[in-house]
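Remarks on the overall topology
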Amino acid sequence: MENRKYDFDSVIDRRGTSSVMFDMCQEMFGRDDVLPLWVADMGFAVCPEITQALAERVTQHPIYGYSVPLEGYWQSIIDWQRERNGLEFSQDEACFIGGIVNGFGLALNHFTRPGDKVIIQEPVYHPFRMLITGNNRMVVNNALKRTDDGFYEMDLEGLERIMEQERPRMMVLCNPHNPIGIAWPAEVQREVAALARKYDVVVFSDEIHGDLTLKGHHHTSFLTVSDDARAVGVVMGAPSKTFNIAGIVSSWCVVKNPELRKPFFNWLTTNGQSAPNFLSMTATRAAYRHGGEWLTQCLEYIEDNIDMVVDYCREHIPGITAIKPQASFLVWLDCTGLGLEHDALIDLFVNKARIGLNDGAMFGKGGSGFMRLNVAVPRSVLRQGMEQLAAAVAALK
Ligand SMILES: Cc1ncc(COP(=O)(O)O)c(C=O)c1O
């Protein structure tokens with residue numbers, strides 16, 4: 001796009017910046033010389049207004065003491081969600097959360113007891129399983145179903161069976177769903193909500209990828225779908241994926257039902273969990289106030305990258321199909337056509353192609369034979385990665 005205002009093409013060297021993506025390759029892949037295309041943050045400079053706001057705060061006020069909520073901080077979150085996603089809430093219905101994984105752990109500990117069952121839908125973002133088992137709760141998996149056209153859908157019959165027979169206390173709705181990038185339709189979420197209400201299940205809707213829907217799709221917040229959803233829903237979202245500020249740690253939680261909200265928010269406050277720090281408030285307010293155009297252009301760039309990967313696989317990499325996401329910058333690569341065992345597939349990517357992706361198996365049942373590719377990188381980097389992969393696949397013969 002010639003008249004793009006923001007630069008997504010420049011390659012920024014992130015090594016040595018305590019970046020998980022770059023500085024953990026040895027630990028993750030057993031070697032340091034892979035092109036990293038894994039962890040879900042972006043290789044793009046953030047929107048300049050965020051940098052400017054942080055720089056001003058840090059340099060012009062050299063006292064970093066205890067903070068109260070920054071003027072306009074909550075309003076920026078409320079306005080963004082209303083305008084972008086049609087999610088309306090008041091400040092009383094929301095609280096700060098220091099990261100969504102942390103927030104899920106807190107919700108899990110508050111709403112369930114050891115031994116309780118919690119539903120996830122694999123393949124799904126792996127920390128859900130880790131937190132559930134790590135907190136001595138039990139995972140019940142309502143696996144996603146593959147559709148005839150190669151995409152995925154929710155198994156609503158399976159969900160009802162599980163709710164009726166297993167009596168879980170909580171369900172995780174990854175909304176949009178990572179990996180795969182499913183933007184769950186309102187009618188599916190409405191069914192989930194009705195079932196959850198019937199069987200008394202709290203629904204934790206993780207909407208961290210909600211601002212990243214691609215052309216032809218839109219994000220439906222769980223809290224917008226029905227009264228049932230508002231009765232059972234605990235929603236968490238963040239500007240972190242949207243604006244590439246995950247390292248700053250800023251998220252929010254909205255609960256509509258006061259019977260769920262009041263005890264939960266009181267418990268968070270009692271435990272010192274609900275106060276944002278001044279840097280996260282500064283970055284969040286700048287992002288939500290000024291980042292709209294940056295995000296629009298970023299998503300266009302990402303969508304072009306996704307199309308490039310889909311076409312490249314189709315034309316040059318027999319055996320690998322890139323499944324186009326409806327949301328987010330993560331592409332689910334179906335590598336089953338290569339006919340490789342799990343270890344051989346990992347060896348192909350890491351040791352032969354020298355590219356570092358997430359092993360699909362880490363996302364649980366249904367993930368083996370797949371890899372998750374992060375395309376939120378400059379196009380030249382992505383192209384290089386695809387070329388290395390194509391050469392490695394060609395050399396298999
Ligand atoms: C679905 C989902 N939830 C949560 C997170 C992490 O959120 P946080 O960094 O706020 O803990 C990620 C990061 O990839 C994610 O994909």
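Remember, predicted model here, so these are calculated numbers, not experimental data.

Some words on the domain arrangement of the chain
Under the domain assignment used here, the chain contains domain 1 (20-46 + 292-394) and domain 2 (52-290). Computed from C-alpha atoms alone, the centre-to-centre distance between domain 1 and domain 2 is 25 Å. Taken together, the contact between domain 1 and domain 2 spans 24 residues of the former and 32 residues of the latter. Looking at the side of domain 1 that touches domain 2, the elements with two or more residues in it are helix H13 (292-316) and strand E12 (330-334). For the side of domain 1 that touches domain 2, the element with the most residues is H13, which contributes 3 residues.

Things to note about the nonpolar core
Note that soluble globular proteins tend to have their nonpolar side chains buried in a common cluster. Formed by 126 residues in total, the largest nonpolar core has its most connected members in Val 203, Cys 253 and Val 375. Take this core: its biggest share by element is 8 residues, from H13. When residues are assigned to domains, this core turns out to be shared by domain 1 (20-46 + 292-394) and domain 2 (52-290), each giving three or more. With residues near it in sequence (within four places) discarded, Val 203 still touches Met 171, Leu 173, Val 192, Ala 193, Ala 196, Phe 222, Val 232 and Gly 233.

Describing the site of the ligand
Of all residues adjacent to the ligand, which total 13 residues, the nearest are Ala 40, Gly 99, Ile 100, Val 101 and Asn 178. Among the residues making up the shell around the ligand, the classes are represented as 8 nonpolar, 4 polar and 1 charged.

Some points on unusual backbone geometry
Most peptide bonds take the trans configuration, and most residues that are not glycine carry a negative phi. Here the residue pair Glu 122 and Pro 123 is connected by a cis peptide bond, since its omega of 0° sits within 30 degrees of zero. Mapped onto the elements, Pro 123 comes out in the loop between strand E3 (117-120) and helix H6 (127-134). A cis amide bond, omega -5°, links Asn 178 with the succeeding residue Pro 179. Summarising the element assignment, Pro 179 is placed in the loop between strand E7 (170-174) and helix H8 (186-199). The backbone phi angle of Arg 354 is positive, close to 60°, even though this residue is not glycine. By the element assignment, Arg 354 lies in the loop between helix H14 (342-352) and strand E13 (355-356). Since 17 C-beta atoms lie within 10 Å of it, Arg 354 is described here as partly exposed.

A closer look at the sheet that holds strand E11 (residues 321-323)
In space, the 4 strands of this open sheet follow the order E11-E12-E15-E14, with antiparallel pairing throughout. Strands with a single pairing partner mark the edges of an open sheet, and in this sheet they are E11 and strand E14 (358-359). Looking at chain direction, E14 and strand E15 (residues 370-374) are connected through 2 bridges and run antiparallel. Within E15, the position partnered with Asn 358 by the bridge is Arg 372. In the packing of H13 onto the sheet, the strands contacted are E11, E12 and E15, and the crossing angle to E11 comes to about 155°.

Focus on H13
Taking 1.5 Å per residue, 25 residues should reach 36 Å; H13 reaches 36 Å between its end C-alpha atoms and fits that length. Within the sequence span of H13, burial applies to Trp 294, Cys 298, Leu 299, Tyr 301, Ile 302, Asn 305, Ile 306, Val 309 and Cys 313. Looking at the buried side of H13, the elements it contacts are E11, E12, E15 and helix H15 (379-394).

The rules behind these values
Sequence order sets the numbering: in each chain, residues are counted from 1 along the sequence as written. Confidence filtering applies because this is a predicted model: local features only for residues at pLDDT of at least 70, side-chain atom pairs given and counted only at 80 or more, and all residues used for totals across whole chains, interfaces and linings. Domain start and stop positions are those given by an automatic or database domain assignment. Placing a C-beta atom from the backbone of each residue, one calls two residues in contact when those atoms lie within 7 Å. Secondary structure elements follow DSSP: runs of H or I no shorter than four residues count as helices, runs of E no shorter than two count as strands, and numbering proceeds from the N terminus. For this analysis, nonpolar core means a set of buried Ala, Val, Leu, Ile, Met, Phe, Trp, Tyr and Cys residues linked through C-beta atoms within 7 Å. To sort residues by exposure, count the other C-beta atoms lying within 10 Å of each residue's C-beta; 20 or more gives buried, 12 or fewer gives exposed, and values between give partly exposed, all with C-beta atoms placed from the backbone. A residue counts as near a molecule or strand when its C-beta atom, positioned from the backbone, falls within 6 Å of it. Each residue receives one of three labels: charged for Asp, Glu, Lys and Arg, nonpolar for Ala, Val, Leu, Ile, Met, Phe, Trp, Tyr, Cys and Pro, and polar for the others, Gly being one of them. In this description, strands pair whenever DSSP reports at least two bridges between them. Angles run from 0 to 180 degrees between N-to-C directions of axes, and those axes are lines fitted to C-alpha atoms, restricted for helices to the stretch in contact. Expected span of a helix, by definition, is 1.5 Å for each gap between consecutive residues, and there is one gap fewer than residues.

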